[in-house]
Amino acid sequence: MFSDKNEFKESFLKRIEMSLGKAFPDSTKRDQFHILGNMIREHISTNWIQTNEHYRLNQKSRCIIYP
């Protein structure tokens with residue numbers, strides 16, 4: 001997703017501006033948390049979808065049943 005820390009920071013700051021319409025210093029910790037969460041969700045969504053598809057195709061239960 002990101003090759004280095006600076007690339008991540010640029011993307012994060014741009015996301016805040018694009019999503020919230022405000023600069024980083026004007027954003028709240030809550031705003032920053034939500035933007036970070038969205039970035040993480042986007043990053044893992046491909047694997048998440050593939051995992052769910054794998055379970056669906058193999059009809060395996062995702063819950064553990066203890067004897």
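Rules and cut-offs
- Residues numbered from 1 in each chain as written.
- Predicted model: local features only at pLDDT ≥ 70, side-chain atom pairs only at ≥ 80, totals over all residues.
- Heavy atoms only, no water.
- Salt bridge = Lys/Arg side-chain N within 4 Å of Asp/Glu carboxyl O.
- Helix = DSSP H or I, 4+ residues; strand = E, 2+ residues; numbered from the N terminus.
- Buried < 20%, exposed > 50% of the residue type's maximum accessible area, 1.4 Å probe, protein only.
- Phe/Tyr/Trp six-rings, centres within 6.5 Å; stacked < 30°, edge-to-face > 60°.
- Expected span 1.5 Å × (residues − 1).
- Bend = angle between axes of the 7 residues up to and from the residue.
- Contact = heavy atoms within 4.5 Å.
- Polar contact = N/O pair within 3.5 Å; in protein donor to acceptor, adjacent residues only side chain to side chain.

## With respect to the pattern of salt bridges
- Scanning all chains against the criterion turns up 3 salt bridges.
- Where E42 meets R15, a salt bridge forms, and the shortest distance between an N and an O atom there is 2.7 Å. In this pair, E42 is assigned in helix 2 (residues 29-58) and R15 in helix 1 (residues 5-20), connecting sequence segments 27 residues apart.
- Judged by relative accessible area, which is 24%, R15 ranks as partly exposed.
- A salt bridge links K22 to D31; its shortest N-O distance comes to 3.0 Å.

## Some points on the packing of aromatic side chains
- Counted by the stated rule, this structure contains 2 aromatic pairs.
- Centre to centre, the rings of F8 and F12 are 5.9 Å apart; their planes meet at 15°, and the pair counts as stacked. On the criterion of helical spacing, the pair formed by F8 and F12 is a turn pair, its members being 4 residues apart in helix 1.
- Accessibility expressed as a relative area gives 13% for F12, which makes it buried.
- Through pairs of rings, three or more aromatic residues link up here, namely F8, F12 and F24.

## Notes on helix 2
- Here helix 2 spans 42 Å end to end across 30 residues, near enough to the 44 Å set by a 1.5 Å rise per residue.
- Remark: the principal bend of helix 2, roughly 45°, maps to S45.
- For helix 2, the set of buried residues is D31, Q32, I35 and M39.
- Of the surrounding secondary structure, the elements contacted by the buried residues of helix 2 are helix 1.

## Concerning helix 1
- The first and last C-alpha atoms of helix 1 sit 22 Å apart over 16 residues, in line with the 22 Å expected at 1.5 Å per residue.
- Put simply, D4 is the residue that caps the front of helix 1, since its side-chain oxygen is 3.3 Å from the backbone nitrogen of N6.
- Positioned one or two residues after helix 1, G21 has a phi angle of 70°, which is positive.

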